[in-house]
Amino acid sequence: MANIKFEIKEANGVLSESSKGWTKELNLISWNDKEAKYDIRDWDSEHKKMGKGVTLSVEDLKKLKDILNGMDL
């Protein structure tokens, strides 16, 4: 598997934590020296290993916020 370079530019918050200590987080991340995007994924406690996740542009994140605000939770 190819090395993926990443830099967490801004840690926005932890959504949950698993029994194994991994946390699901919303962060602003630059992947392979590209423009930073918002990202939701699981991380180990040292932020060296990660699970699969979803990357969102600012526009995507705003739309997701609108959708969530409109839901009856």
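Above this text is the structure in question.
Everything quoted here is computed from the prediction, not taken from an experiment.

A.B. asks: Now, about the overall build of the protein: what can you tell me, with residues and values included?
C.D. replies: On a plain count of helices and strands, the protein comes out with 1 helix and 4 strands. The secondary structure elements of the protein, listed N-terminal to C-terminal, are β-β-β-β-α. Scored against the burial criterion, the 73 residues of the protein give a buried share of 19%. Of the contacts formed within the protein by residues at least 6 apart in sequence, a portion of 20% connects residues at least 24 apart. Carbon and sulfur atoms make up 51% of the accessible area of the protein, which totals about 5800 Å². The average position of the 13 basic charges and that of the 14 acidic charges among the side chains of the protein differ by 5 Å.

A.B. asks: Before we move on, can you summarise the pattern of salt bridges with the specific residues and values?
C.D. replies: Should the charged atoms of two oppositely charged side chains come close, the side chains can pair. The full count for this structure, using the stated rule, is 4 salt bridges. Here Lys5 and Asp33 are joined by a salt bridge, their closest N and O atoms 3.0 Å apart. In this pair, Lys5 is assigned in the segment before strand S1 (6-17) and Asp33 in the loop between strand S2 (23-31) and strand S3 (37-43), connecting sequence segments 28 residues apart. Overall, Lys5 belongs to the partly exposed group, its relative accessible area being 48%. For Asp33, a relative accessible area of 61% puts it in the exposed group.

A.B. asks: Quick rundown of the pairing of S3? Include the residues and the values.
C.D. replies: Relative to S3, S2 is paired through 7 bridges, and the arrangement is antiparallel. Considered in S3, the bridge of Leu26 is made with Ile40. Taken together, S2 and the strand that follows it, S3, pair antiparallel across an intervening segment of 5 residues, in which Asn32 is found at a positive phi of about 50 degrees. From the end of S3 to the start of strand S4 (residues 50-56), which pair antiparallel, there are 6 residues, and His47 there has a positive phi angle of about 55 degrees.

Definitions and cut-offs
Residues numbered from 1 in each chain as written. Predicted model: local features only at pLDDT ≥ 70, side-chain atom pairs only at ≥ 80, totals over all residues. Heavy atoms only, no water. Helix = DSSP H or I, 4+ residues; strand = E, 2+ residues; numbered from the N terminus. Buried < 20%, exposed > 50% of the residue type's maximum accessible area, 1.4 Å probe, protein only. Contact = heavy atoms within 4.5 Å. Areas by Shrake-Rupley, 256 points an atom, 1.4 Å probe, with all protein chains shown as cover. Lys, Arg positive; Asp, Glu negative; His and termini not counted. Charge placed at Lys NZ, Arg CZ, Asp CG, Glu CD. Salt bridge = Lys/Arg side-chain N within 4 Å of Asp/Glu carboxyl O. Pairing = 2+ DSSP bridges.

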